[in-house]
Amino acid sequence: GAGVSQTPSNKVTEKGKYVELRCDPISGHTALYWYRQSLGQGPEFLIYFQGTGAADDSGLPNDRFFAVRPEGSVSTLKIQRTERGDSAVYLCASSFQEYNEQFFGPGTRLTVL
Amino acid sequence: AQSVAQPEDQVNVAEGNPLTVKCTYSVSGNPYLFWYVQYPNRGLQFLLKYITGDNLVKGSYGFEAEFNKSQTSFHLKKPSALVSDSALYFCAVRASTGANNLFFGTGTRLTVIP
């Protein structure tokens, strides 16, 4: 079956611009997670959704970052006033229930010039 | 607070030899432990997990891992390495209660030499 998909696969933007990253989880998965992976590091947690609501957003680095999941399926991670330090691979994952293994998408590589 | 340590950045092993990738963890309460593999330009792929029960867990592609509570370790093993096993391996942990997100180690690059 279809896995987690993320679009775009690559995004290049200029400092100060706004970007949106999209995640389509596996059908039927209620839990959705966003992580950020910098070069040479493991993924770092950003935000977790259970259904439509953000159950835990403690990993968001600052108020420039925001995510939504309005219908409990597709999620969008939004970054305002991008900075060069935001450059990383943004990973989305979903799981059937909150205690099951998470399945990851291929990621969106964000480059802020 | 949860954390994971993967003490080896790089592991080299000859094809056909057994391999071990080390992982130790710190978590409040009982741990849920995971191994993921990452191939170049691809997302993380789930290999195996320990939730409860038997300390020896078997996963995909012939990999297994042993949960050792006293040593707080969850080392990944395979009896006979293949060249195609060459990749980046991540250990991850979460607590059985509380936050659902995973805490990842920094990864270990496994190279299997033909």
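Residues numbered from 1 in each chain as written. Chains lettered and ligands numbered in written order. Predicted model: local features only at pLDDT ≥ 70, side-chain atom pairs only at ≥ 80, totals over all residues. Heavy atoms only, no water.

A.B. asks: So what exactly am I meant to see when it comes to the state of the cysteines here?
C.D. replies: Defined simply, a disulfide is a covalent bond joining two cysteines at their sulfur atoms. Scanning all chains against the criterion turns up two disulfides over all chains. The side chain of Cys23 of chain A participates in a disulfide bridge whose partner is Cys92 of chain A; the two sulfur atoms lie 1.8 Å from each other. On the sign convention where negative is left-handed, the bridge of Cys23 of chain A and Cys92 of chain A, at about -65 degrees about the S-S bond, is left-handed. Taken as a pair, Cys23 of chain A in strand 3 (residues 19-24) and Cys92 of chain A in strand 9 (residues 88-95) lie far apart in primary sequence, 69 residues in all. The burial state of Cys23 of chain A is the same as that of Cys92 of chain A; both residues are buried. Paired through a disulfide, Cys23 of chain B and Cys91 of chain B show a sulfur-sulfur distance of 2.0 Å. Judged by the torsion about the S-S bond (-60 degrees), the Cys23 of chain B/Cys91 of chain B disulfide is left-handed. With Cys23 of chain B in the loop between strand 3 (19-21) and strand 4 (24-26) and Cys91 of chain B in strand 10 (residues 87-95), the pair connects residues that are 68 residues apart, well separated along the chain. Of the two residues, Cys23 of chain B and Cys91 of chain B, both sit in the buried class. (Disulfide = S-S within 2.5 Å. Helix = DSSP H or I, 4+ residues; strand = E, 2+ residues; numbered from the N terminus. Buried < 20%, exposed > 50% of the residue type's maximum accessible area, 1.4 Å probe, protein only.)

A.B. asks: What am I meant to see in the sheet that holds strand 1 (residues 5-7) of chain A here?
C.D. replies: In a beta sheet, neighbouring strands pair by backbone hydrogen bonds and run either parallel or antiparallel. All names here are of chain A. Within the open sheet, the four strands sit side by side as 1-3-8-7. Their pairing is antiparallel. Both outer strands of the open sheet, strand 1 and strand 7 (65-68), are each paired with one neighbouring strand and no more. Looking at each pair of strands side by side, their axes are set apart by 15 degrees on average, direction ignored. Sheet topology places strand 3 next to strand 8 (residues 75-79); five bridges connect them, and they run antiparallel. Bridge pairing in strand 8 places Cys23 opposite Ser75. (Pairing = 2+ DSSP bridges. Axes fitted to C-alpha atoms, helices over the stretch in contact; angles between N-to-C directions.)

A.B. asks: Explanation requested: the layout of surface pockets in the structure shown.
C.D. replies: Over the atoms, a rolled probe matching the size of one water molecule traces out where space is still vacant. Taken as a whole, the largest pocket spans an internal volume of roughly 650 Å³. Secondary-structure elements contributing two or more residues to the lining of the largest pocket are strand 9 and strand 11 (108-112) of chain A together with strand 10 and strand 12 (108-113) of chain B. For the lining of the largest pocket, the per-class residue count stands at ten nonpolar, 14 polar and four charged. If you add up the space inside the second largest pocket, you get close to 190 Å³. Surrounding the second largest pocket, Arg36, Gln41, Gly42, Pro43, Glu44, Phe45, Leu46 and Gly59 of chain A together with Asn101, Leu102, Phe103 and Phe104 of chain B form its lining. Counting only elements with at least two residues in the lining of the second largest pocket, the list comes to strand 5 (44-50) of chain A together with strand 11 (103-104) of chain B. When residues of the lining of the second largest pocket are assigned to their parent elements, the largest contribution, three residues, is made by strand 5 of chain A. Here the lining of the second largest pocket is composed, by residue class, of six nonpolar, four polar and two charged. (1 Å grid on protein atoms, 1.4 Å probe; cavity = no way out; pocket = protein on both sides within 12 Å on 5 of 7 lines; lining within 4 Å. Points joined across faces, edges and corners; volume = space filled by probe spheres on them. Nonpolar A, V, L, I, M, F, W, Y, C, P; charged D, E, K, R; others polar.)

A.B. asks: Teacher, can you tell me more about the interface of chain A and chain B here?
C.D. replies: Accessible area lost upon the coming together of the parts serves often as the stated size of an interface. At the junction of the two partners, chain A supplies 19 residues and chain B supplies 18 residues. Taking both sides of the interface into account, the surface hidden between chain A and chain B amounts to around 1,500 Å²; carbon and sulfur atoms contribute 54%. Our count for the chain A to chain B interface comes out at one salt bridge. Ionic pairing is found between Lys49 of chain B and Glu101 of chain A, a salt bridge with its closest N-O pair at 2.6 Å. The tally of links between chain A and chain B comes to four residue pairs in polar contact (both at pLDDT 80 or more). Among the elements of the structure, strand 4 (31-37) and strand 5 of chain A are those that each provide at least two residues to the side of chain A that touches chain B. (Contact = heavy atoms within 4.5 Å. Buried area = accessible area lost by both parts, 1.4 Å probe. Salt bridge = Lys/Arg side-chain N within 4 Å of Asp/Glu carboxyl O. Polar contact = N/O pair within 3.5 Å; in protein donor to acceptor, adjacent residues only side chain to side chain.)

Limitation: the analysis is restricted to geometry and does not speak to function.
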